[in-house]
Amino acid sequence: MTHGTTLFADDLGRYAYVKTGFSWPALVLGSLWAVAKRRWWLLLLMLAMDLCLWFGSQLATGMQIGPMMLLMAGAELSYLLARGWYGNRWLEASLRSHGYKPVVPAIGAGPA
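The present account deals with the structure reproduced in this document. Treat the numbers as computed from the prediction; the structure is a model and nothing was measured.

### Focus: the overall build of the protein
- Scanning the protein for helices and strands turns up four helices and three strands.
- Sequence-ordered secondary structure for the protein, helices as α and strands as β, is β-β-α-α-α-α-β.
- A globule of 112 residues ought to have a C-alpha radius of gyration of about 13 Å, yet the protein, at 18 Å, is considerably larger.
- C-alpha extents for the protein along the principal axes are approximately 65 × 25 × 15 Å.
- Taken over 112 residues, the protein has a buried fraction of 29%.
- In the protein, once contacts between residues fewer than 6 apart in sequence are set aside, the share between residues at least 24 apart is 56%.
- Summed over all atoms, the accessible surface of the protein reaches about 8,000 Å², with 69% contributed by carbon and sulfur.

### Quick look at the pattern of salt bridges
- Within this structure, the stated rule accounts for three salt bridges.
- Among the salt bridges present, the one from Asp50 reaches Arg83, with a minimum N-O distance of 3.7 Å. Of this pair, Asp50 sits in helix H3 (residues 40-63) while Arg83 sits in helix H4 (residues 66-97), and the two are 33 residues apart along the sequence.
- Linking Arg96 and Glu92 is a salt bridge whose minimum nitrogen-to-oxygen distance equals 3.1 Å. Placement of both Arg96 and Glu92 in helix H4 is noted, with a separation of four residues, approximately one turn of the helix.
- Using a relative accessible area of 43% as the deciding quantity, one classes Arg96 as partly exposed.

### Quick word on H3
- Across its 24 residues, H3 extends 34 Å between first and last C-alpha, which sits within 8% of the 34 Å expected from 1.5 Å per residue.
- Within the sequence span of H3, burial applies to Leu42, Leu43, Met46, Leu53, Gly56, Ser57 and Ala60.
- Elements in contact with the buried residues of H3: helix H2 (31-36) and H4.

### Digging into the sheet that holds strand S1 (residues 5-9)
- One open sheet accounts for three strands, arranged S2-S1-S3; its pairing is antiparallel. Each end of this open sheet is capped by a strand with a single partner; those strands are strand S2 (15-19) and strand S3 (101-102).
- For S1 and S2, the ladder comprises five bridges, and the chain directions are antiparallel. The residue bridging Leu7 from the neighbouring strand is Tyr17, located in S2.

Rules of the game
Residues numbered from 1 in each chain as written. Predicted model: local features only at pLDDT ≥ 70, side-chain atom pairs only at ≥ 80, totals over all residues. Heavy atoms only, no water. Helix = DSSP H or I, 4+ residues; strand = E, 2+ residues; numbered from the N terminus. Rg over C-alpha atoms; globule rule 2.2 N^0.38 Å. Buried < 20%, exposed > 50% of the residue type's maximum accessible area, 1.4 Å probe, protein only. Contact = heavy atoms within 4.5 Å. Areas by Shrake-Rupley, 256 points an atom, 1.4 Å probe, with all protein chains shown as cover. Salt bridge = Lys/Arg side-chain N within 4 Å of Asp/Glu carboxyl O. Expected span 1.5 Å × (residues − 1). Pairing = 2+ DSSP bridges.

Structural measurements only, silent on function.
Following this line, the structure appears as structure tokens:
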């Protein structure tokens, strides 16, 4: 297990790794990241946010209101950064809600 990574396991013997810190895949891929991680509720929330931001941007562009377009650009950038900052935390919370627990290595167990 690498530094900054937590291994989670459930009672059925399924495992998942969650890195700590910033999530570049969540930032860049967004909803596709949620699909790859098989987190369906997170996917629905991300799609809803994407849709709201898209409609707001289309409305601002169509009405040609400069401050509103700037506000929407700021909201989209903030959402992108939030996905990166909180992506791994959201993944960990989702895993915990589905019964996954962190795997703690045995004391004294080290590389052979």
